[in-house]
Amino acid sequence: MDRTLLGSGRVEVRGGALLIVSGEANAASLAVGSDPRIVGRKPGCHLVLTDKRVSATHCELVATEFGVRLRDLGSTNGTHIGGLRVGETWLHETTILRCGDTVLEFSPGKMERVRLSKSDQFGPLVGAMPRMRAVFDSLRTVAPTTLSVLIEGETGTGKELVARAIHDASDRAAKPFVVVDCAAIPANLAESTLFGHERGSFTGATERRKGALAEADGGTVFLDELGELPLELQPKLLRVLADQRLKRVGSDTYAPIDIRVVAATRRNLLVEINRGTFRDDLYFRIAEERIELPPLRDRREDIPKLVQRMMAELGKPAAFHRASAESLNKLLRHFWPGNVRELRSVVKSALAYDHGGAIDLAARLRAPPEGVSSENGSRRPDARTYADSLQEHDRDYFARLFEVTEGNISEISRRAGVHRATVRESLARHGIKKLRRRA
């Protein structure tokens, strides 16, 4: 990454505009920047199309350092470019795309500098990579507000830690922080768990119960794995959030409540909306701000700092200096299917067997998933996901440019249409070594 840009707390991305070529919408165009923009038929979308062949939440666009990422959201009739149905791709130039029967044109804009946090930590969170520093900047901005927040990311990326950090950095820090694991609530007890119940309201209700939302009054409720919340309960939760009052099961009266909602999910809820398993109105009510956590394999450079922080938290801050370089290198090459949670388990295990000598951090690394290389996380052709193939395309694209330009960063930047900082990060991420300095 360009150290000048990092030092200035900025990273450059290229967004653009989405224009309506044919069809009707609530606007003639949609600006695409570093905040995700949703195109679909539902009123909560940023660009609302009236086309009946367009899904509720059809596709999503967001500017990244690699170009504008276009992602289909499991739409019924697909998102098409040049007659081909696409799942996920990056847009770098003027492109005609079709959603249902509506034709749109994407036009790239100028480079935009996105602010990064100047600090490599936020509360208990650490990370020096640009994606994490962008997350920290978003957290510092949203924490003092009353906005509801949806945290997205794979299992083990630290979503609950982020939720707690938001709460601790808000003016509600002295109030309750209540965690509700939506995936662990029995379906028949979900309403009672959230809203509480009166004594005798159902079999087994031997005493009055406040419920998680009432317990969080004045503070924050963290709804983990929100996508697992039963569909029939979702409109009731929406009503509570909209009215800021609730009624216990078996009660006839409403009580006022003051709660802030932070939710997390490993599922893409926009896709779940199209599947009919999640309500769009609840999604748009909770996702007033979205925080996307990158998987650990996409920010491996942060691993040494994470290990050092974890050892300190586990009561052995000096142990990091006894970690063998070979074992640390193995951590850097590991695929990390369990993300930060898996890393913490590995560190904890290594310290449990520490007797004062050199520490082998990699002694109890789990074998990678079937078909995945532990060295670079790549998959065999028969085991690759679509995202894997895109990563391979990105690596091959920059490798070819590197070869034909003889490693000239400025020329690669010009040909790819991205900033030199993006070129340097891509070369480093894919292990493409510079043969000479010509930038």
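Residues numbered from 1 in each chain as written. Predicted model: local features only at pLDDT ≥ 70, side-chain atom pairs only at ≥ 80, totals over all residues. Heavy atoms only, no water.

### Here's the deal with the overall build of the chain
The helix and strand inventory of the chain stands at 14 helices and 20 strands. Each of the 439 residues in the chain was classed as buried or not, and the buried ones make up 49%. Excluding contacts between residues fewer than 6 apart, the proportion of contacts in the chain whose partners are at least 24 apart in sequence is 63%. Accessible surface computed for the chain: about 20,900 Å², of which carbon and sulfur atoms make up 48%. (Helix = DSSP H or I, 4+ residues; strand = E, 2+ residues; numbered from the N terminus. Buried < 20%, exposed > 50% of the residue type's maximum accessible area, 1.4 Å probe, protein only. Contact = heavy atoms within 4.5 Å. Areas by Shrake-Rupley, 256 points an atom, 1.4 Å probe, with all protein chains shown as cover.)

### Re helix α9 (residues 303–313)
Three or more residues of α9 are buried, namely Ile-303, Leu-306, Val-307, Met-310 and Met-311. The buried residues of α9 all sit within an arc of 135° when viewed along its axis, so they share a single face. If you follow the buried residues of α9, they end up packed against β13 (125–126), α10 (325–333) and α11 (339–352). Backbone geometry just after α9 places Gly-315 at a positive phi near 90°. (Arc of directions from axis to C-beta.)

### As for the packing of aromatic side chains
All chains considered together, the criterion is met by two aromatic pairs. Judged by centre distance (6.3 Å) and plane angle (15°), the ring pair of Phe-177 and Phe-222 falls under stacked. Of the two residues, Phe-177 sits in strand β15 (residues 177–181) while Phe-222 sits in strand β16 (residues 220–224), which places them 45 residues apart along the sequence. Of the two residues, Phe-177 and Phe-222, neither departs from the other in class, the shared state being buried. In this structure, Arg-245 is placed above the aromatic ring of Tyr-254, and the distance from its NZ or CZ to the ring centre is 4.1 Å. (Phe/Tyr/Trp six-rings, centres within 6.5 Å; stacked < 30°, edge-to-face > 60°. Lys NZ or Arg CZ within 6 Å of the ring centre and 35° of its normal.)

### Digging into the sheet that holds strand β9 (residues 88–91)
The mixed open sheet is built from five strands, whose spatial order is β4-β3-β5-β6-β9. In this open sheet, the two edge strands, each paired with only one partner strand, are β4 (47–48) and β9. Relative to strand β6 (residues 67–72), strand β5 (residues 59–64) runs antiparallel, the two sharing six bridges. Residue pairing across strands places Val-62 opposite Arg-69, the latter belonging to β6. (Pairing = 2+ DSSP bridges.)

### A word on the environment of Arg-424
Note that Arg-424 resides in helix α14 (residues 420–429). What makes Arg-424 partly exposed here is its relative accessible area of 25%. Linking Arg-424 and Ser-413, residues eleven residues apart in sequence, is a C-alpha distance of 9.2 Å.

### Concerning the nonpolar core
Of all hydrophobic cores here, the largest spans 39 residues; its most connected members are Leu-213, Leu-223, Leu-226 and Tyr-283. Only β15, α4 (190–195), α5 (212–215), β16, α6 (234–243), β19 (260–265), α7 (269–275) and α8 (280–286) provide two or more residues apiece to this core. If near-sequence neighbours (up to four positions away) are discounted, Leu-223 is found in contact with Val-180, Cys-182, Leu-194, Leu-237, Val-261, Val-262, Ala-263 and Ala-264. (Core = buried A, V, L, I, M, F, W, Y, C linked by side-chain atoms within 4.5 Å.)

### Considerations on the side chain of Glu-342
For Glu-342, the position within the fold is in helix α11. Overall, the relative accessible area of 7% leaves Glu-342 in the buried class. A distance of 3.0 Å separates the side chain of Glu-342 from the side chain of His-334, its partner in a polar contact. If sequence neighbours within four positions are ignored, Glu-342 has contacts with His-334, Trp-336, Pro-337 and Arg-366. (Polar contact = N/O pair within 3.5 Å; in protein donor to acceptor, adjacent residues only side chain to side chain.)

### Quick word on the sheet that holds β15
Spatially, β15-β16-β19-β14-β20 is the arrangement adopted by the five strands of the open sheet, whose pairing is parallel. Among the strands making up the open sheet, the edge pair consists of β15 and β20 (289–292). For this sheet, the mean inter-axis angle between neighbouring strands, taken without regard to orientation, is 20°. Across five bridges, β15 lies against β16 in parallel orientation. Paired with Phe-177 across the bridge in β16 is Thr-220. (Axes fitted to C-alpha atoms, helices over the stretch in contact; angles between N-to-C directions.)

### Details of unusual backbone geometry
One non-glycine residue with positive phi stands out, namely Glu-225, at about 50°. One can find Glu-225 in the loop between β16 and α6. If you check the backbone angles, Asn-339 has positive phi at about 60° while not being a glycine. The topology assignment puts Asn-339 in helix α11. A relative accessible area of 0% places Asn-339 in the buried class.

### A few points about the side chain of Arg-172
One can find Arg-172 in the loop between α3 (159–168) and β15. If near-sequence neighbours (up to four positions away) are discounted, Arg-172 is found in contact with His-167, Gly-218, Gly-219, Thr-220, Asp-258, Ile-259 and Arg-260.

### Some words on the pairing of β19
Most of β19 is tucked away, with six of its six residues classed as buried. On β19, burial covers both faces: Arg-260, Val-262 and Ala-264 on one face and Val-261, Ala-263 and Thr-265 on the other are all buried. Across four bridges, strand β14 (residues 149–152) lies against β19 in parallel orientation. By the bridge assignment for β19, Glu-152 is matched with Thr-265. Pairing of β16 with β19 involves four bridges; the strand directions are parallel.

### Description of the pattern of salt bridges
Taken as a whole and judged by the stated rule, the model has 24 salt bridges. Asp-280 is the partner of Lys-42 in a salt bridge, and the nearest nitrogen-oxygen pair spans 3.9 Å. Here Lys-42, found in the loop between β3 (37–40) and β4, pairs with Asp-280, found in helix α8; they are 238 residues apart in sequence, far enough to count as distant. With a relative accessible area of 28%, Lys-42 lands in the partly exposed category. Linking Arg-344 and Glu-313 is a salt bridge whose minimum nitrogen-to-oxygen distance equals 2.9 Å. Of the two residues, Arg-344 sits in helix α11 while Glu-313 sits in helix α9, which places them 31 residues apart along the sequence. Sharing partners across several salt bridges, the network here consists of Glu-225, Glu-228, Arg-266, Arg-267, Glu-272 and Arg-275. (Salt bridge = Lys/Arg side-chain N within 4 Å of Asp/Glu carboxyl O.)

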